[in-house]
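If you want the building blocks of each chain, they are given just below.
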Amino acid sequence: MTTLVIGAGLVGSQVARILVSEGEKPVLMDFSAQTKSIGEIVSLDQVTMISGDILRPLSIVKAINDHGITGIVHTAANPMLTLGAQTDPYAAINLNIMGTVNVLEAARVTGVKRVVVSSSNVLNHYLAGGGGETEPMNEEAYPRPTTFYSATKQAIESLGLNYSKWCNVEFAGMRYGAVFGPWSGAGGGGPSNVVREALRNAMVGREAVVPAGTMEWVYSKDAGRGTVLALKAKELGNGVFNVTMSQPTAPDEFADALRKVVPGANIRIDTPKGTAISLPNMRRRSDPTNAKNIIGYEPQFEILAALQDMHAWMKANP
Ligand SMILES: NC(=O)c1ccc[n+]([C@@H]2O[C@H](COP(=O)([O-])OP(=O)(O)OC[C@H]3O[C@@H](n4cnc5c(N)ncnc54)[C@H](O)[C@@H]3O)[C@@H](O)[C@H]2O)c1
């Protein structure tokens, strides 16, 4: 079995690390790989790095053919996710929707059995309206995404599930909570960078700003593990999985955990400048049942364990 991991960033590098730990030599495809940062997560001689762009479908087909690919994990994204998509909607729509369609089409024509795609649990929070099934059918019966980013994630889940239904390509959509974890490179989402900044500031005695809203986080190692579980699961059930810490974290819980990791940290609970749109106000908690029952995912890191692990990593990789 050889997996093509598309997008070698915060999450993709963890997926690669886990696949290596399970005895695979995955192929990592990125159009702008941050090799030094990737090498801090997974040994570069245990993966095959290739250059490729998901907006060029033939580069995906070539990667599949050249390396005998049997499964695909697609984590490619534009920088800053929600924030980036609000600034440049066209680029986000193009990459997230057409990029994902290119991956699914490449799998369909080459016969790759399974495609696991990074969705997001913004789909549980950035929604408005919706009254459910009505008779007669109301135009606003279902809630609508309220940002460009969440609209693209809703589209790719729906398209992926239709590829699964009609085209013989098994599809899994991973609804990660806000991801943070070891990663020295650019990219990730607003919240990923807010946590890294807070920890880094706390470690050098500067003020650390902790997000003012209750959030559903997931540690990047758990996001990667959930993704690999979906890649290897026997059955995928309804194909969409919430992958979070399974419990929301209030700002004071986050601050307490940070104080335990960095005793004496100077913490302010606030909304870091320019990040508000990427810090969702939780609508409802994400249900972890499907992920647990179907792919066997349960988080290994709650907030304190995650910050401890990341702190140790940042000390080792200053
Ligand atoms: N980080 C989060 O908080 C978070 C939360 C929920 C969901 N997600 C989703 O998880 C996925 C991974 O996020 P991440 O934080 O690891 O992102 P990241 O920015 O760290 O990594 C994305 C990688 O994709 C690469 N890429 C971009 N365009 C490409 C293209 N056209 N072809 C090939 N590679 C390309 C980038 O160079 C980068 O290395 C994304 O789909 C994101 O929407 C992330």
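This section reports on the structure supplied with the text. (Residues numbered from 1 in each chain as written. Predicted model: local features only at pLDDT ≥ 70, side-chain atom pairs only at ≥ 80, totals over all residues.)

If you check the shell around the ligand, you find 30 residues, and the closest are Gly-7, Gly-9, Ser-118, Gly-187 and Gly-189. Listing elements by their share of the shell around the ligand, those giving two or more residues are helix H5 (89-110), strand S9 (178-180) and helix H7 (190-203). Residue composition of the shell around the ligand, grouped by class: 16 nonpolar, twelve polar and two charged. (Near = placed C-beta within 6 Å. Helix = DSSP H or I, 4+ residues; strand = E, 2+ residues; numbered from the N terminus. Nonpolar A, V, L, I, M, F, W, Y, C, P; charged D, E, K, R; others polar.)

Here we take up the sheet that holds strand S2 (residues 27-30). Spatially, S3-S2-S1-S4-S5-S8-S12 is the arrangement adopted by the seven strands of the open sheet, whose pairing is parallel. The open sheet has two free edges, formed respectively by strand S3 (48-51) and strand S12 (240-243), since each of these has just one partner strand. When the angles between neighbouring strand axes are averaged without regard to direction, this sheet yields 20°. With four bridges connecting them, strand S4 (residues 71-74) and strand S5 (residues 114-118) associate as parallel partners. Note on S5: the bridge partner recorded for His-74 is Val-117. Here helix H6 (residues 148-166) sits on the sheet and contacts S5, strand S8 (170-176) and S12; the angle it forms with S8, its principal contact strand, is near 155°. (Pairing = 2+ DSSP bridges. Axes fitted to C-alpha atoms, helices over the stretch in contact; angles between N-to-C directions. Contact = placed C-beta atoms within 7 Å.)

This part takes up the environment of Val-101. Mapped onto the fold, Val-101 is located in helix H5. The partly exposed category is assigned to Val-101, around which 17 C-beta atoms lie within 10 Å. Residues Val-101 and Gly-68, 33 residues apart in the sequence, show an inter-C-alpha distance of 20 Å. (Buried ≥ 20, exposed ≤ 12 C-beta atoms within 10 Å, placed from the backbone.)

Membership of the largest hydrophobic core comes to 92 residues, with the highest contact counts inside it found for Val-115 and Leu-258. For this core, the leading source of residues is H5, giving six residues. Residues contacting Val-115, with those up to four places away along its chain left out, are Ile-72, His-74, Val-103, Leu-104, Ala-107, Val-169 and Phe-171. (Core = buried A, V, L, I, M, F, W, Y, C linked by C-beta atoms within 7 Å.)

Time to look at the packing of helix H9 (residues 251-261) against helix H11 (residues 303-316). At a minimum axis distance of 9 Å, the contact between H9 and H11 shows a crossing angle of 40°. Viewed along their axes, H9 and H11 adopt a mutual orientation that is oblique. Both H9 and H11 take part in a crossing whose hand is right-handed. Contacts between H9 and H11 involve Glu-253, Phe-254, Ala-257, Leu-258, Lys-260 and Val-261 from the former and Ile-303, Leu-304, Leu-307, Gln-308 and His-311 from the latter. Looking at side-chain class alone, the contact of H9 with H11 contains seven nonpolar, two polar and two charged residues. (Parallel < 35°, antiparallel > 145°, perpendicular 65-115°, else oblique. Left-handed = near helix turned anticlockwise from the far one by under 90°.)

Moving on: H9. Inspection of H9 places Phe-254, Leu-258 and Val-261 among the buried residues, and these make up the whole buried set. Buried residues of H9, viewed axially, fall in a sector of 60°; they line one side. Where H9 is buried, its residues contact H7, strand S10 (208-211), strand S13 (267-270) and H11. (Arc of directions from axis to C-beta.)

Between Glu-135 and Pro-136 the backbone carries a cis peptide bond, its omega angle lying at 0°. Note that Pro-136 resides in the loop between strand S6 (127-128) and strand S7 (144-145). Positioned with a positive phi, Met-80 is a non-glycine residue whose angle comes to about 70°. Mapped onto the elements, Met-80 comes out in the loop between S4 and helix H4 (81-87). Judged by the 23 C-beta atoms lying within 10 Å of it, Met-80 falls in the buried class.

Turning our eyes to something else, we now look at the pairing of S4. Burial of the side chains of S4 extends over both faces: Gly-71 and Val-73 are buried on one face and Ile-72 and His-74 on the other. When strand S1 (residues 3-6) meets S4, the two strands line up parallel, connected through four bridges. Bridge pairing links Thr-3 to Gly-71 in S4.

The end-to-end C-alpha distance of H7 is 20 Å, a good match for the 20 Å that 14 residues give at a rise of 1.5 Å each. All buried positions along H7 are accounted for by Gly-190, Pro-191, Ser-192, Asn-193, Val-194, Val-195, Ala-198, Leu-199 and Ala-202. Contacts made by the buried residues of H7 are with H4, S9, S10, H9 and H11. (Expected span 1.5 Å × (residues − 1).)

All right, on to the packing of helix H1 (residues 12-21) against helix H8 (residues 220-232) then. Following both chains from N to C, one finds H1 and H8 inclined at 60°, their axes separated by 8 Å at the closest point. As the angle between them shows, H1 and H8 are arranged oblique. The handedness of the crossing between H1 and H8 comes out as right-handed. Within the contact between the two elements, H1 uses Gln-14, Val-15, Arg-17, Ile-18 and Leu-19 and H8 uses Ser-220, Lys-221, Ala-223, Gly-224, Arg-225, Thr-227 and Val-228.

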